[in-house]
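Structural description and commentary
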Amino acid sequence: IADAKPGAKVGFIYPSFPAANLQYQVDRFKYWAEKLGLTSVGQEGTPDNSNGPTSKAASALIQKHPEVEAIMAFNDPAAAATAAAARSLNRPDILITGVNGESGVTGLIKSGNVLMTWAYNNFADGEQLATAAIDAALGMTIPKKVTAIGAVINKSNVAGYTPPAS
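Just so it is clear, the structure is predicted and the values come from calculations on it, not from any experiment. (Residues numbered from 1 in each chain as written. Predicted model: local features only at pLDDT ≥ 70, side-chain atom pairs only at ≥ 80, totals over all residues. Heavy atoms only, no water.)

Describing helix H1 (residues 20-35)
Let me state the cut-off plainly: For the purposes of this entry, the term helix denotes a DSSP run of H or I that reaches at least four residues, the term strand denotes a run of E that reaches at least two, and both are numbered from the N terminus. A helix's residues, less one, multiplied by 1.5 Å, set its expected span. The buried label applies to any residue whose accessible area, calculated with a 1.4 Å probe on protein chains only, is under 20% of its type's maximum; exposed applies above 50%, and partly exposed to all values in between. It is the directions from the helix axis to the C-beta atoms whose arc is reported. Two residues form a contact once any of their heavy atoms are found within 4.5 Å.
Under the 1.5 Å per step criterion, the end-to-end length of H1 is 22 Å for 16 residues, consistent within 8% with the ideal 22 Å. The complete set of buried residues in H1 reads Leu22, Gln25, Val26 and Ala33. Here the buried residues of H1 occupy an arc of 95 degrees about the axis, which is enough to place them on one side. Looking at H1, the residues exposed on the side facing more than 90 degrees away from the buried face are Ala20, Asn21, Glu34 and Lys35. Buried residues along H1 sit against strand E1 (9-15), strand E2 (39-46) and strand E4 (95-99). At the exit of H1 stands Gly37, carrying a positive phi of roughly 85 degrees.

What follows is the structure, given as structure tokens:
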């Protein structure tokens, strides 16, 4: 987002149910948004990532914060629902991002309705976790945090991207 629209005003779509990992994700997104010169303007919660509730949350965010220029969603289905809400409110200018690299969002990236997704490499992450578990069992010191392995999928590389099997 910072590259596509420097200084953008950003909103967030995240679950309204308690999920420590997703709350950590939104906290990191807000942290890095600020570090990259973006401004956080609001957040709306959704009870799940299905189209209806997520579209309703995205519509509420856009209507409460008409200055919003980008929305970060907690996963790709939420990004797709957010894109639909933005189009229904005649706001195709809003940059939308997702997470997971799912097949349902690749067409939206190709058409320009979603800016990008972060595609985790779950196999490499699993290997990294298994190695850490073995190292810990052997009494070795392991890092407290590691970087998730993956890639940004956007219009420049989506044609060559193959989503992981569901």
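Structural notes on the pattern of salt bridges
Where we set the bar: Salt bridges are identified by distance alone: a Lys or Arg side-chain nitrogen within 4 Å of an Asp or Glu carboxyl oxygen.
Enumeration over the complete set of coordinates arrives at three salt bridges. Of the charged contacts in the structure, one is a salt bridge between Lys64 and Glu44, with a shortest N-O distance of 2.7 Å. With Lys64 in helix H2 (residues 51-64) and Glu44 in strand E2, this residue pair connects regions lying 20 residues apart in the sequence. Owing to a relative accessible area of 15%, Glu44 belongs among the buried residues under this scheme.

Re the side chain of Thr117
Condition: Here a polar contact is recorded for every N or O atom pair within 3.5 Å, except that within protein the pair must consist of a potential hydrogen donor and a potential acceptor, and residues adjacent in sequence are included only if both atoms are side-chain atoms.
With respect to the secondary-structure elements, Thr117 resides in strand E5 (residues 116-120). On the basis of relative accessible area, Thr117 is assigned to the buried category, the value being 0%. Here the side chain of Thr117 touches Asn100 through a polar contact of 3.5 Å, landing on its backbone nitrogen. If sequence neighbours within four positions are ignored, Thr117 has contacts with Asp76, Gly98, Val99, Asn100, Gly101, Val105, Ile109, Ala151, Val152 and Ile153.

Regarding helix H5 (residues 122-137)
A rise of 1.5 Å per residue sets the reference length of H5, with its 16 residues, at 22 Å; its end C-alpha atoms lie 22 Å apart and thus fit the reference within 8%. Phi turns positive one or two residues past the end of H5, at Gly139, with a value near 85 degrees.

A closer look at the sheet that holds E4
Worth spelling out the cut-off: The pairing criterion is simple: DSSP has to find at least two bridges between the two strands. To get an axis, fit a line to the C-alpha atoms, keeping to the stretch in contact for a helix; angles then go from 0 to 180 degrees between the N-to-C directions.
Taken in spatial order, the six strands line up as E2-E1-E3-E4-E5-E6 in an open sheet, and their pairing is mixed. Whereas interior strands pair on both sides, the edge strands pair on one side only; in this sheet they are E2 and strand E6 (150-154). Here the average twist between neighbouring strands, direction ignored, is 20 degrees. Two strands pair when backbone bridges link them, and E4 and E5 are joined in this way by three bridges, in the parallel orientation. Note on E5: the bridge partner recorded for Thr97 is Met116. Contacts from H1 reach E1, E2, strand E3 (70-73) and E4, with the element oriented near 175 degrees to E1.

That is the geometry; function is a separate question.
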